[in-house]
Amino acid sequence: MARMSDCLFCKIIAGQVPASIVYQDETLVVIKDINPQAPLHVLIIPRTHIPTLNDLSPADDALVGTMFRRAAALAKESGYHERGYRTVFNTSREAGQSVFHIHLHLLAGRALTWPPG
Ligand code: 5GP
Ligand code: ZN
């Protein structure tokens, strides 16, 4: 899918908007969230522009698996894999999605309440 010229995360991936990049490869870019909600709060972002989970196709199945495995790897590297961590996709309005380019939140480093707000 083509890059979206008005998409914040496409701009970060293209280097047009600065971000603190903690990991990148040919498929993913991982950045620190600008407004962290936990001691570790990073966003695992595919280079491909996909607006929401509603837009996934079977061809994206491996991509989504790769995103979750990267979250687990980063949690382990940061020493949180046994204490615990949370992985979240917010989708559309009532879930509070604010950037319409899918991203997996990885949060850790404090006790996370349930249910979420
Ligand atoms: P959403 O609400 O769509 O699930 O998550 C979007 C996330 O992107 C929010 O947690 C927000 O703090 C973060 N964010 C918004 N703008 C920027 C930015 O310019 N840079 C970074 N690093 N994070 C951002
Ligand atoms: Zn995008």
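Structure: see above.
Keep in mind it's a predicted model, so treat the numbers as computed, not measured.

Asks: What am I meant to see in the sheet that holds strand 5 (residues 104-108) here?
Replies: Note: strands within a sheet are paired through backbone hydrogen bonds, in either parallel or antiparallel orientation. A sheet is described by the order of its strands in space; here five strands give the open sequence 1-2-3-5-4, paired in antiparallel fashion. Bordering the open sheet on either side are strand 1 (21-24) and strand 4 (85-88), each of which pairs with just one other strand. The sheet shows a mean angle of 20 degrees between the axes of neighbouring strands, taken without regard to direction. Looking at chain direction, strand 4 and strand 5 are connected through four bridges and run antiparallel. Residue Val 88 lies in a different strand from strand 5, and its bridge partner there is His 105.

Asks: Even after reading the chapter, I still don't get the coordination of the zinc ion (ligand 2), so can you show me in this structure?
Replies: As a benchmark, a tetrahedral metal site with four donors has ideal angles of 109.5 degrees, while an octahedral site with six donors has ideal angles of 90 or 180 degrees. In this structure, Cys 7 (SG), Cys 10 (SG), His 49 (ND1) and His 101 (ND1) serve as the protein donors to the zinc ion (ligand 2), at separations of 2.0 to 2.3 Å. Considering all four donor atoms around the zinc ion (ligand 2), the spread of angles at the metal, 106 to 116 degrees, places the coordination shape in the tetrahedral class. Here the donor residues of the zinc ion (ligand 2) share one chain and are spaced in sequence as C-x2-C-x38-H-x51-H. Taken together, the residues Cys 7 in the segment before helix 1 (8-13) and His 101 in the loop between strand 4 and strand 5 connect sequence positions 94 residues apart. Across the pair, exposure class does not vary: Cys 7 and His 101 are buried alike.

Asks: What is the right way to look at the packing of aromatic side chains in this model?
Replies: Centre-to-centre distance and the angle between the planes together describe a pair of aromatic rings. Summed over the entire model, instances satisfying the criterion amount to one aromatic pair. Ring centres 5.8 Å apart and planes at 70 degrees place the aromatic pair Phe 68 and Phe 89 in the edge-to-face group. Residue Phe 68 is located in helix 2 (residues 61-77), and its partner Phe 89 is located in the loop between strand 4 and strand 5; the two are separated by 21 residues in the primary sequence. Under the relative-accessibility criterion, Phe 68 is labelled partly exposed at 36%. When the ring centre of Tyr 23 is taken as origin, the NZ or CZ atom of Arg 70, which lies over that ring, is 4.0 Å away.

Parameters at a glance
- Residues numbered from 1 in each chain as written.
- Chains lettered and ligands numbered in written order.
- Predicted model: local features only at pLDDT ≥ 70, side-chain atom pairs only at ≥ 80, totals over all residues.
- Heavy atoms only, no water.
- Pairing = 2+ DSSP bridges.
- Helix = DSSP H or I, 4+ residues; strand = E, 2+ residues; numbered from the N terminus.
- Axes fitted to C-alpha atoms, helices over the stretch in contact; angles between N-to-C directions.
- Donors = N, O, S within 2.8 Å, 3.2 Å for Na, K, Ca; no water.
- Tetrahedral: all angles 85-135°; square planar, octahedral: opposite > 155°, others 65-115°.
- Buried < 20%, exposed > 50% of the residue type's maximum accessible area, 1.4 Å probe, protein only.
- Phe/Tyr/Trp six-rings, centres within 6.5 Å; stacked < 30°, edge-to-face > 60°.
- Lys NZ or Arg CZ within 6 Å of the ring centre and 35° of its normal.

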